[in-house]
Amino acid sequence: MLLIKKEKEPEFLSKFKKEHPGKGYGSEEFSQFRIPLNDFLRKEQKGLCAYCCTRIKEKESHNEHIEPQHPGMYASRRSLDYYNIVASCNHAKTCGSRKGNAYDKDRFVSPLDENCEEVFTYYADGKMGGNSYTIELLNLNDYELKSARKAVYRALQGLDKQTISCIYLDEGAEEYQPFLNVIKWYFHTL
């Protein structure tokens, strides 16, 4: 997981909320803004899923509500809260699709939490360690994710910090390297 630094709420979202008080994300009125919001979020996240850090494109992602829209009997009041929405991959077995409406605020590590990167560890076999509630809820140790992280880990072995920094850690890039979470963790362990 990488820390997502939210930008200023997009103007179209602010305008919609002013013009349609009481309307939520699931409303017919908001439906035309879902794709522009996803475009904005993916750009903000530099092309990576908020949870697993795989590369995401428009058709491979959705707007994920960290606090679910329907966590219980009542709809969340945060369905259009920009600081509650991130872009997540559409993998059926992992991340936002897997999380659904399950969520325990006190146990879940959000990619918006300042210390989220420090909570997780990545091992040579591709396994992710750290907050077990979040890992299990999002199924972040899914076989495919472990295999991809293992490949990234192997590609980094033998490289020095300067090489890793030049090749993989360009903070100014339009898009981040997939699994930047593993790269950053490995870099800091050298």
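Summary of the structure given here. This is a predicted model, so every value here is computed, not measured.

1. Notes on the overall build of the protein chain
(1) Moving on: Of regular secondary structure, the protein chain possesses eight helices and four strands.
(2) Moving on: The helix and strand sequence of the protein chain, counted from the amino end, reads α-α-β-β-α-α-β-β-α-α-α-α.
(3) Moving on: Against the globule reference of 16 Å for 190 residues, the protein chain gives a C-alpha radius of gyration of 17 Å, in line with a compact fold.
(4) Moving on: The principal-axis extents of the C-alpha atoms in the protein chain amount to approximately 55 × 35 × 30 Å.
(5) Moving on: Taken across its 190 residues, the protein chain has 47% of its residues classed as buried.
(6) Moving on: Sequence-distant contacts in the protein chain: of pairs separated by 6 or more residues, those separated by 24 or more amount to 67%.
(7) Moving on: By element, 48% of the accessible surface of the protein chain is carried by carbon and sulfur atoms, the whole surface being about 10400 Å².

2. So, the nonpolar core
(1) Moving on: By size, the foremost hydrophobic cluster in this structure holds 51 residues, and its most contacted members are F30, Y51, L140, I164 and I183.
(2) Moving on: Ranked by residue count, the leading element in this core is helix α8 (residues 180-189), at five residues.
(3) Moving on: Aside from chain neighbours lying at most four places away, what touches I164 is L156, L159, L169, I183, Y186, F187 and L190.

3. Points about the environment of S165
(1) Moving on: Relative to the helices and strands, S165 is located in helix α7 (residues 161-168).
(2) Moving on: For S165, a relative accessible area of 32% puts it in the partly exposed group.
(3) Moving on: Counting along the chain gives 73 residues from S165 to A92, while the straight-line C-alpha distance between them is 33 Å.
(4) Moving on: Once you skip the residues sitting within four places of it in the chain, S165 turns out to touch D170 and F187.

4. A look at the pairing of strand β1 (residues 61-65)
(1) Moving on: Of all five residues in β1, five are buried, a share of seventy percent or more.
(2) Moving on: Taken together, the five bridges between β1 and strand β2 (residues 85-89) define a ladder with antiparallel strand orientation. Each bridged residue has a counterpart across the sheet, and for S61 the counterpart in β2 is C89.

5. Some thoughts on the side chain of S110
(1) Moving on: Checked against the element boundaries, S110 lands in the loop between α3 (95-99) and α4 (116-119).
(2) Moving on: S110 sits in the buried class, given a relative accessible area of 8%.
(3) Moving on: Only 3.0 Å separates the side chain of S110 from the backbone nitrogen of L112, close enough to count as a polar contact.
(4) Moving on: The residues contacting S110, other than those within four sequence positions of it, are M1, I66 and C116.

6. Examining the packing of aromatic side chains
(1) Moving on: Tallied over the entire structure, the rule returns 12 aromatic pairs.
(2) Moving on: A centroid spacing of 5.0 Å and a plane angle of 70° characterise the contact between F16 and F30, whose relative ring orientation is edge-to-face. Linking F16 in helix α1 (residues 11-19) with F30 in the loop between α1 and α2 (34-44), this pair joins segments that are 14 residues apart in sequence.
(3) Moving on: With a centroid separation of 5.7 Å and 35° between ring planes, the pair formed by F30 and F33 is classed as tilted.
(4) Moving on: On the basis of relative accessibility, which here comes to 0%, the residue F30 falls in the buried class.
(5) Moving on: By way of ring pairs, the aromatic residues F12, F16, Y25, F30 and F33 are connected into one cluster.
(6) Moving on: The ring of Y82 has K6 lying over it, and the distance from NZ or CZ to the ring centre is 3.9 Å.
(7) Moving on: The positively charged end of K99 is found above the aromatic ring belonging to F108, 6.0 Å away from the centroid.

7. As for the environment of L190
(1) Moving on: Note that L190 resides in the segment after α8.
(2) Moving on: What makes L190 partly exposed here is its relative accessible area of 46%.
(3) Moving on: Separated by 29 residues in sequence, L190 and K161 have C-alpha atoms that sit 7.2 Å apart.
(4) Moving on: Residue contacts for L190: discarding those within four places in its chain leaves L159, D160, K161 and I164.

8. Remarks on the pattern of salt bridges
(1) Moving on: Summed over all chains, the structure comprises 12 salt bridges.
(2) Moving on: The salt bridge involving D142 is made with K93; its shortest N-O contact spans 3.7 Å. With D142 in the loop between α5 (132-138) and α6 (143-156) and K93 in the loop between β2 and α3, the pair connects residues that are 49 residues apart, well separated along the chain.
(3) Moving on: Through salt bridges with shared partners, a single network forms among R55, K57 and E175.

About the cut-offs
- Residues numbered from 1 in each chain as written.
- Predicted model: local features only at pLDDT ≥ 70, side-chain atom pairs only at ≥ 80, totals over all residues.
- Heavy atoms only, no water.
- Helix = DSSP H or I, 4+ residues; strand = E, 2+ residues; numbered from the N terminus.
- Rg over C-alpha atoms; globule rule 2.2 N^0.38 Å.
- Buried < 20%, exposed > 50% of the residue type's maximum accessible area, 1.4 Å probe, protein only.
- Contact = heavy atoms within 4.5 Å.
- Areas by Shrake-Rupley, 256 points an atom, 1.4 Å probe, with all protein chains shown as cover.
- Core = buried A, V, L, I, M, F, W, Y, C linked by side-chain atoms within 4.5 Å.
- Pairing = 2+ DSSP bridges.
- Polar contact = N/O pair within 3.5 Å; in protein donor to acceptor, adjacent residues only side chain to side chain.
- Phe/Tyr/Trp six-rings, centres within 6.5 Å; stacked < 30°, edge-to-face > 60°.
- Lys NZ or Arg CZ within 6 Å of the ring centre and 35° of its normal.
- Salt bridge = Lys/Arg side-chain N within 4 Å of Asp/Glu carboxyl O.

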